Amino acid sequence: MLLGVVAFLVLGSWLVLRQTDAPENDSALNQSAQADYYLSDSRLRVHDKQGVLRYEVTSSSAEHFPQTRQTQLLEVAMVFSPQQDDVWFLTARTATLPDDRDAIAELVGEVKLHATSNKGDRLHLSTPRMQVLPDTEKLWTDSGVLIQGRGVEISAQRLEAHMSTQRLQLAGQVQTRYAVETP
């Protein structure tokens, strides 16, 4: 299903059928697997039943592997709730998106999350790896996380976040450092 959505919604790129001389994929996928298509400068937009934009995924390149039913993305950006006051913006070096939209997407490599709320609060988070369930707006990691906000820095081993409720749960050696802001 995601394959059809990707093919239909990709802007700015033309579908290029891959031949056996396709460049190798450096991802964790089986190196013998061959991509059935390759996209550059891809954009995927997912809308709800009322046509409201739920989230958007962009990447510098995308390769789909039918054997594993996954799409590998490079230089990834994901924006959740872009038409609302609360925006969650994720970036990573790579991402694996399963064809099944109810499955877990995995972001790897310098994963950054920037969130803003309608109150002006800002959150900056970094971790080496993060799992995302895009349709439920849930994300988590057990790869260590550093969160920075106004005058505070928090580190933990694990994080679970719910974007719709703006709730974060931290676990495992949670440490908080406060800094007094001077005028």
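A few points on the structure. (Residues numbered from 1 in each chain as written. Predicted model: local features only at pLDDT ≥ 70, side-chain atom pairs only at ≥ 80, totals over all residues. Heavy atoms only, no water.)

**Re the overall build of the protein**
On a plain count of helices and strands, the protein comes out with 1 helix and 12 strands. Element order for the protein, N to C, with α for helix and β for strand: α-β-β-β-β-β-β-β-β-β-β-β-β. Sequence separation of at least 24 residues holds for 41% of the intrachain contacts in the protein that already meet a minimum separation of 6. By element, 51% of the accessible surface of the protein is carried by carbon and sulfur atoms, the whole surface being about 10,600 Å². (Helix = DSSP H or I, 4+ residues; strand = E, 2+ residues; numbered from the N terminus. Contact = heavy atoms within 4.5 Å. Areas by Shrake-Rupley, 256 points an atom, 1.4 Å probe, with all protein chains shown as cover.)

**Quick look at the packing of aromatic side chains**
Under the defined criterion, the tally for this structure stands at 1 aromatic pair. Seen from their ring centres, Tyr55 and Phe80 are 5.4 Å apart, and the 35° between their planes marks the pair as tilted. With Tyr55 in strand β2 (residues 53-65) and Phe80 in strand β3 (residues 70-80), the pair connects residues that are 25 residues apart, well separated along the chain. Each of the two residues, Tyr55 as well as Phe80, counts as buried. Just above the ring of Trp140 sits the side chain of Lys138; from NZ or CZ to the centre is 5.3 Å. (Phe/Tyr/Trp six-rings, centres within 6.5 Å; stacked < 30°, edge-to-face > 60°. Buried < 20%, exposed > 50% of the residue type's maximum accessible area, 1.4 Å probe, protein only. Lys NZ or Arg CZ within 6 Å of the ring centre and 35° of its normal.)

**Notes on the nonpolar core**
Where a protein is soluble and globular, its nonpolar side chains tend to be buried together. With 33 residues, the main nonpolar core has Leu90 and Leu139 as its most contacted residues. Apart from the residues within four sequence positions on either side, Leu90 is in contact with Val76, Ala77, Met78, Phe80, Leu107, Val111, Lys112, Leu113, Met130, Val132 and Leu139. (Core = buried A, V, L, I, M, F, W, Y, C linked by side-chain atoms within 4.5 Å.)

**Points about the pattern of salt bridges**
Tallying each qualifying case throughout the model produces 7 salt bridges. Of the charged contacts, one joins Glu110 and Arg93 as a salt bridge, the two residues approaching to 3.9 Å between their closest N and O atoms. Taken together, the residues span a long stretch of sequence, with Glu110 in strand β5 (residues 105-116) and Arg93 in strand β4 (residues 87-98) at a distance of 17 residues. A relative accessible area of 52% places Glu110 in the exposed class. The closest approach of N and O atoms between Glu106 and Arg129, which form a salt bridge, is 2.7 Å. Pair noted here: Glu106 is in strand β5 and Arg129 is in strand β6 (residues 122-133), with a separation of 23 residues, a long-range link. A residue is classified by how much of its surface remains accessible, and Arg129, at 32% relative accessible area, is partly exposed. One network of salt bridges, with partners in common, ties together Arg43, Arg45 and Glu56. (Salt bridge = Lys/Arg side-chain N within 4 Å of Asp/Glu carboxyl O.)

**Some points on the side chain of Ser42**
Within the secondary structure, Ser42 sits in strand β1 (residues 37-47). Engagement of the side chain of Ser42 in a polar contact is seen with the side chain of Ser59, the distance being 2.6 Å. (Polar contact = N/O pair within 3.5 Å; in protein donor to acceptor, adjacent residues only side chain to side chain.)

**Points about the pairing of β2**
Within β2, 10 of the 13 residues are buried, which leaves the element mostly enclosed by the surrounding structure. In the sheet, β1 pairs with β2 via 10 bridges, with the strands oriented antiparallel. Of the residues in β2, the one forming a bridge with Arg45 is Glu56. Hairpin remark: β1 followed by β2, antiparallel, with 5 residues in the connecting loop; positive phi at Gly51, about 90°. With 9 bridges connecting them, β2 and β3 associate as antiparallel partners. The partner of Phe65 across the bridge, within β3, is Gln70. Adjacent in sequence and paired antiparallel, β2 and β3 are bridged by 4 residues, among which Arg69 carries a positive phi angle near 55°. (Pairing = 2+ DSSP bridges.)

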